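Each chain, written out:
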Amino acid sequence: RPTPPARSATITVFPSLLMLRKALATVAVRPDSSRSSTHRRPLTVVRATNATPGQGMRGSGATKPGVMSVSLNTLSTRLPRPPTAPRPAFGHRRSHPRRTFDPPRALFGKKQPAPGGPGGTDVSVSITELTETCRKAIKTYGYDDDETKVLLDVMMYAQLRGNNQGIIKVTTGGIKRDPECKPVVTEHETKLSANLNGNKNAGMVVLHGAMEIAVQKAQTHGFGICGTNNTSTSTGALGFYAEQIAKKGLIACVLAVSPEFVAPNGAIEPIFGTNPIGVGVPTANGPVILDMATSAYSFFGLLEARTAGKKIPKGVAMDASGEITEDANAAIDGGAIKTFDGSYKSSNLALIVELLGGPLVGAAVRDKMATKNWGNLVIVIDPTLLGDAGEFEKAAAVVTSRVKNAKKAPGVHEILLPGERGDAFSEDVHRKGVIDVEKNLWKGLKGLADTWVEPGGVGGNTSAYGGNTPAYTSAQMETIRNSSAGSGWGFATRLLHPTVSVDDPFNSTNPPLYQTATFGQPSATTNGPYDYTRSGNPTRDLLEKQMAELEGADRGFAFSSGMSALMCVTRLVKTGERIVTGDDIYGGTSRLLDQVLPKVGIEVVHVDTNDLRAVERAINGGPTTMVMLCVPGLSQIQARRLPPRS
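Quick notes on the rules
- Residues numbered from 1 in each chain as written.
- Predicted model: local features only at pLDDT ≥ 70, side-chain atom pairs only at ≥ 80, totals over all residues.
- Heavy atoms only, no water.
- Helix = DSSP H or I, 4+ residues; strand = E, 2+ residues; numbered from the N terminus.
- Buried < 20%, exposed > 50% of the residue type's maximum accessible area, 1.4 Å probe, protein only.
- Contact = heavy atoms within 4.5 Å.
- Areas by Shrake-Rupley, 256 points an atom, 1.4 Å probe, with all protein chains shown as cover.
- Pairing = 2+ DSSP bridges.
- Axes fitted to C-alpha atoms, helices over the stretch in contact; angles between N-to-C directions.
- Phe/Tyr/Trp six-rings, centres within 6.5 Å; stacked < 30°, edge-to-face > 60°.
- Polar contact = N/O pair within 3.5 Å; in protein donor to acceptor, adjacent residues only side chain to side chain.
- Right-handed = clockwise from strand over helix to strand, strands pointing away.
- Salt bridge = Lys/Arg side-chain N within 4 Å of Asp/Glu carboxyl O.

Asker: Sorry if this is basic, but what is going on with the overall build of the protein chain here?
Answerer: Of regular secondary structure, the protein chain possesses 19 helices and 18 strands. For the protein chain, buried positions account for 48% of its 646 residues. For the protein chain, the share of sequence-separated contacts (at least 6 apart) that also reach a separation of at least 24 residues comes to 74%. Of the roughly 31,300 Å² of accessible surface on the protein chain, 54% is carried by carbon and sulfur atoms.

This is the structure:
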């Protein structure tokens, strides 16, 4: 494996005066410019500062609690790196180990523990933060970057349109990766058609591949149809695929079959899936996108309602005895969802989707949940098969305009075409840059995302207790810089009004202090974001994040003392390597460098740091990987006589 390019890092250690004034030190991470080097490990520069001088300099005095900043790239040279081979084409997959999760039992029709807190309250989250948090949460299931992008695109499309096919799928295990998945296989193919065996891969990823195949065939031959079978996770909002196809000037019809959640008309036993339909039609006024389930409510809508502790609409579902219920748990646990109009019409439409998305593509026709063999169908038509595509789009625009401008019934302000309500919602949240997310859902998503550690970089500060301290990504830090420093807010304002916060039901002006040893968990088998305060505490997380923001850094680490911080950063240096430091440093730092580190074979060289040539000679005179600098002591403050005024 090629040696990664060397990078330097600046580590600043100083007392924390924020929030936790007693015995907390923070490490803020700032990437420095890279230096090419083939002869030595990355150089790390350390600056140690203190609010007040210690009791004397080298050899005396106590080390104060402090903050240090570390380059992500420097630390990454100590961590295993991900596979560097390019991702194979669709149909082949790398075999490196992936992390998998057991999904909640509720996904399979069983009751899940009730939410940890009262529902019904939303929190405003920036689109950037929501997207990045969702990406990290998806990665915890073991998906590679290409798969993660598909999953993220499909779910964020739904979330930003107010569609319940969004991030709820992440927190409920609806996208759980099957550890037995294999490369997708084309079971049957002609110039116009193909049928794919998804081999237990993510439904969204497999359907996305089927969409691309159908589009390619339609663009080449005027018509394309592609089915899929043998997947057992959600395919997401079908409007996403229909819109992608329609934007290419093609007509789309997408069908999906899922497990037995919906009862046929006149029955109380679930037989159908929610069986959604997605249709995309290009017009001169923009594509018309229909995305609707044949059920009265989506299954993930039930999960959302339960997560939020809310009732479901009356009349959309029944309990195990066939009685109409507003309790999501009763519908999930042995009950059934009804078809959208509760009559034979919607039931018959659901049956047609079941036939085309099930038997036609080789998917299961009974016990769909147990067999984990769900089906999908994508049909793509090039309008030029029947004439001029431009004329078709113009004529289609006339029809949609007539519908929009039809005489309105009393009390109706606007007649909406399919997809326009979601379009308006999406435009509004993008204009504001934020979206409201149910607080329990957001808490669960963050808790999952906080367990993700980026390969080759500094991720969570994981402990033996399973705790994890979340890191900022470059995108998140860019958002923070743009929203605080970039807006002209001064240091004092950003100090009092941190960009990051913790959930507080009382909305206190100052962040609450969590002085507890342990935290309650959602259930005996489900872990929340915090368990034991030694491994993670919301107050410490907030301190770390705010210090990183104020420092303009990428990451912060809090320690119980400055010596803890220094001890940690010196662990970056290996036996046989050199640390260059000043000849006038604090006592505790001096004892660490002169009495402890040499015992493990680390050379420490002291120089007068006012003499830059001496510093350069010391660095170049051996295998230097760290330069540690302290704020000058009082003995080094030089009084200079000012020249007389003229």
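Additional details are given in the paragraphs that follow.
Asker: Which parts of the structure should I look at to understand the sheet that holds strand β6 (residues 193-197)?
Answerer: Each strand in a sheet pairs with its neighbour through backbone hydrogen bonds, running either in the same direction (parallel) or in the opposite one (antiparallel). A sheet is described by the order of its strands in space; here 7 strands give the open sequence β5-β6-β7-β13-β8-β9-β10, paired in mixed fashion. In the strand order of this sheet, the two ends are held by β5 (185-189) and β10 (288-292), each with one partner. For this sheet, the mean angle separating the axes of adjacent strands, direction not counted, is 10°. Both strand β9 (residues 277-281) and β10 contribute to a ladder of 5 bridges, which runs antiparallel. Across the sheet, Val281 pairs through a bridge with Val288, a residue of β10.

Asker: Is there a simple way to explain the packing of aromatic side chains in this structure?
Answerer: Under the definition given, this model contains 4 aromatic pairs. Ring geometry for Tyr157 and Phe240: centres 5.7 Å apart, planes at 75°, overall edge-to-face. Taken together, the residues span a long stretch of sequence, with Tyr157 in helix α3 (residues 145-159) and Phe240 in helix α6 (residues 238-246) at a distance of 83 residues. By relative accessible area, Phe240 is classed as buried at 7%. With a centroid separation of 5.7 Å and an interplanar angle of 40°, the aromatic rings of Phe519 and Tyr530 are classed as tilted. You can see Phe519 sitting in the loop between α15 (491-496) and α16 (538-551) and its partner Tyr530 sitting in the loop between α15 and α16, a full 11 residues away along the chain. The residues Phe519 and Tyr530 share a single accessibility class, namely buried.

Asker: Just to check I follow, could you spell out helix α7 (residues 299-308) for this structure?
Answerer: Each full turn of the α-helix corresponds to 3.6 residues, which orients residues three or four apart in the same direction. Most of α7 sits out of view: 9 of its 10 residues are buried. Among the residues of α7, those classed as buried are Phe299, Phe300, Gly301, Leu302, Leu303, Ala305, Arg306, Thr307 and Ala308. Residues of α7 that are buried in the fold lie against α4 (168-171), α8 (328-332), β12 (336-337), β14 (434-438) and α13 (439-449). Of the residues that open α7, the one with a side-chain oxygen 2.8 Å from the backbone nitrogen of Gly301 is Ser298. Downstream of α7 by a residue or two, Gly309 has a phi angle that is positive, lying close to 70°.

Asker: Honestly, the environment of Val378 in this entry has me stumped. Any pointers?
Answerer: One can find Val378 in strand β13 (residues 374-381). Its relative accessible area of 1% is what places Val378 among the buried residues. With 153 residues separating them in the primary sequence, Val378 and Ile225 have C-alpha atoms 5.6 Å apart. When sequence neighbours within four positions are dropped, the list of residues in contact with Val378 reads Leu207, Ala210, Met211, Ala214, Gly224, Ile225, Cys226, Ile245, Cys253 and Val254.

Asker: Please explain the environment of Ala210 as it appears in this structure.
Answerer: Positionally, Ala210 belongs in helix α5 (residues 203-221). Separated by 168 residues in sequence, Ala210 and Val378 have C-alpha atoms that sit 7.0 Å apart. Contact partners of Ala210, with chain neighbours within four places excluded, come to Leu196, Cys226, Thr228 and Val378.

Asker: Could you clarify how one ought to interpret the environment of Gly224 in this entry?
Answerer: Residue placement: Gly224 occurs in strand β7 (residues 223-231). Gly224 sits in the buried class, given a relative accessible area of 0%. Not counting chain neighbours up to four residues away, the residues in contact with Gly224 comprise Leu192, Ala214, Lys217, Ala218, Val378, Ile379 and Val380.

Asker: Teacher, can you tell me more about the pairing of strand β16 (residues 578-582) here?
Answerer: The two faces of the sheet receive side chains in turn, since in a regular strand these alternate between them. The element β16 is extensively covered by neighbouring structure, given that 5 of its 5 residues are classed as buried. Following the chain from β16 across helix α18 (residues 587-596) to the adjacent parallel strand β17 (residues 603-607), one finds a crossover that is right-handed. Sheet topology note: the β16/strand β18 (residues 624-630) ladder contains 4 bridges and is parallel. Its bridge partner being in β18, Val580 is matched across the sheet by Val627.

Asker: Can you help me understand the pattern of salt bridges in this one?
Answerer: Two side chains bearing opposite charge may form a pair once their charged atoms approach each other closely. Considering all chains together, one arrives at 14 salt bridges under this definition. Its salt-bridge partner being Asp423, residue Arg161 comes within 2.6 Å of it at the nearest N-O pair. A residue pair is termed long-range when its members are at least 10 positions apart, and Arg161 in the loop between α3 and α4 and Asp423 in helix α12 (residues 420-432) qualify at 262 residues. In this structure Asp423 comes out as partly exposed when scored by relative accessible area, which is 32%. Measuring nitrogen to oxygen at the nearest pair gives 3.0 Å for the salt bridge that ties Arg578 to Glu603. Of this pair, Arg578 sits in strand β16 while Glu603 sits in strand β17, and the two are 25 residues apart along the sequence. The network of salt bridges with shared partners includes Lys404, Glu414 and Glu420.

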